[in-house]
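Read off the chains here:
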Amino acid sequence: MPTPPTLHHLSGLDPGLLHAVTLGHARLSPAQALQIFHEMPLSDLGRWADARCRAVHGDSVRTYIIDRNINYTNVCNAKCTFCAFRRDPDDHDAYTLSTETIHQKIAELTAIGGTQILMQGGMNPALPLSWYTDLLQSIKTKFPRVHVHAFSPPEMIEFVHFFDPPGNSLFEKVRWVLLRLKDAGLDSLPGGGGEIFADPVRKKIGLGKCDAESWLTVMHAAHSLGMFTSATMMFGHVEGTLDRIHHMELVRRWQDRSLAARSDAESSSRTPFGHYVSFISWPFQRENTPLGRVPGWAEGANEAELNQEFPGDAIARAFVPGHLSDEHLARFINSPLNSNLPKGQRTADVYDFDAIDRATYPTAHLFGKRVRMSGSTDYLRTQALSRLYLDNIYSIGASWVTMGPHIGQVALAYGANDMGSVMMEENVVSSAGTTYCLDEPVLCKLIRDAGHTPAQRNNTYDIIRLHNTDHAPDRQVTDWSKHRAKKMHQQAPKAAKQTTTGSPVQLTVTTKP
């Protein structure tokens, strides 16, 4: 399909423009998206996002998947300030799971009808490439029907650093590693480590993690091998609102590239090109994290800050001189960071936020020293905008894991078509204090009570089971009061000692369907 036109001359609030966007006949510009975020009432934004969702997915079916998050190691050489999961190699609760433990976890997954593992870990320099290929081969030998969705872009970049593959460019080196992992059994790549692409933000919160260009290059290399991937965004910390739109713009732009390559490959009978199939965004969870100790914007004694510009917005504005027109926003999105320096700013001082002109950017010196947490309204607004902006992404996922089951349910009316996974195991987000856990009947009930028919899907969003009969998981429950308390596996929580075999620790979590 051709890329829909961007009608820059129209207001982002123009009903005609929004109707065209919901039909896929027009594309939002960055300036229009920013206007929508700040000026459109939440209920109206939800209505437009829901209309776009229904145009793509129909009115009735909303999906979920049964998979398991397996975090194979928590040893990591990055020092992300938002992470409570990582450990140094000599920490008492550092671990790397054995192949036998991973097989046991997959067996438990398949026993409840699961079809996929989401396998990610810390960036552990002690693990050779053979460790990964041997693991993948063993999984595919023992569980040939399980889809292996594994190794996020930051992990892949570290694989390049650790394994020193041949190639004249990052793309070639990543593709070399990916090809060997794919031959061993890797099916697709998750979108972990996306966080926020804007360079100032990324350098503040993701020490040692790859930049946006590297992240996007990894995904494009995966697409070149026919893989389908997901994209993510973690917001609600030090970033400005414009940074969220910049992030979505880069996803959309690189998706255009992959879809164009896919079309060319199909027309010339070459190896099919993959692409992004989904986008999931979620708010930062602050508990147990270094970034979580940073004061919140306008919290407590700092209520006077409400009358000032949030530092993240100031920094974004500093690199978009002039009015927030599409011309200036395009300059922000397209150009290298140093070309967008405020007038008179030295390249050497680009990250010396204390040196930025305080008359023009009075709060810029506080960048990274304040966080602006995201609540339910901000989350729904951001997700709804992503559904409208990402016109070339098929699925938008609800983040009930961070927001709770009922906000996840509401998200189905704000552009989301998918409720993600039953959370059989999760370690990274739960290490930061979030421990929501749902099983299949509860997930189905949430979808049905939102006015939709629940359906189990696979990684590419093909329907495996449509739950439109009395045999549906939620319709088999006769007493929900006995169905609420569930236990979730969590690997090596912060206060626990852990052996290298990775025996799971049981956590009791209560949900209210």
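Residues numbered from 1 in each chain as written. Predicted model: local features only at pLDDT ≥ 70, side-chain atom pairs only at ≥ 80, totals over all residues. Heavy atoms only, no water.

## Examining the nonpolar core
- Of all hydrophobic cores here, the largest spans 115 residues; its most connected members are Met119, Phe151, Met156, Leu181 and Leu186.
- The leading source of residues in this core is helix H9 (residues 212-224), at seven residues. (Core = buried A, V, L, I, M, F, W, Y, C linked by side-chain atoms within 4.5 Å. Buried < 20%, exposed > 50% of the residue type's maximum accessible area, 1.4 Å probe, protein only. Helix = DSSP H or I, 4+ residues; strand = E, 2+ residues; numbered from the N terminus.)

## Digging into the pattern of salt bridges
- Within this structure, the stated rule accounts for 19 salt bridges.
- Put simply, Asp93 and Arg87 hold a salt bridge, and the shortest N to O gap is 3.0 Å.
- Here Asp93 falls in the buried class, since its relative accessible area comes to 3%.
- Note that Asp187 and Lys140 form a salt bridge whose closest N and O atoms lie 2.8 Å from each other. In this pair, Asp187 is assigned in the loop between helix H7 (170-184) and helix H8 (199-205) and Lys140 in helix H5 (residues 129-142), connecting sequence segments 47 residues apart.
- One salt-bridge network, held together by shared partners, links Arg27, Glu249, Arg252, Arg253, Asp256 and Asp391. (Salt bridge = Lys/Arg side-chain N within 4 Å of Asp/Glu carboxyl O.)

## Notes on the layout of surface pockets
- Taken as a whole, the largest pocket spans an internal volume of roughly 680 Å³.
- Met1, Leu259, Asp391, Asn392 and Ile393 are, among the 27 residues lining the largest pocket, the residues nearest its centre.
- Of all the secondary structure elements, the ones that give two or more residues to the lining of the largest pocket are helix H3 (42-57), helix H10 (241-267) and strand S8 (276-283).
- Here the lining of the largest pocket takes seven residues from H10, the largest share from any one element.
- In the lining of the largest pocket, the residues fall into 13 nonpolar, eight polar and six charged. (1 Å grid on protein atoms, 1.4 Å probe; cavity = no way out; pocket = protein on both sides within 12 Å on 5 of 7 lines; lining within 4 Å. Points joined across faces, edges and corners; volume = space filled by probe spheres on them. Nonpolar A, V, L, I, M, F, W, Y, C, P; charged D, E, K, R; others polar.)

## Observations regarding the packing of H5 against H7
- Where H5 meets H7, the axes come as close as 8 Å, and the angle between the chain directions of the two elements is 30°. Considering their axes alone, H5 and H7 lie roughly parallel with respect to each other. From H5, Leu129, Tyr132, Thr133, Leu136, Gln137 and Lys140 reach across to H7, where they touch Trp176, Val177, Arg180, Leu181 and Ala184.
- Looking at the contact of H5 with H7 residue by residue, the classes come out as seven nonpolar, two polar and two charged. (Axes fitted to C-alpha atoms, helices over the stretch in contact; angles between N-to-C directions. Parallel < 35°, antiparallel > 145°, perpendicular 65-115°, else oblique. Contact = heavy atoms within 4.5 Å.)

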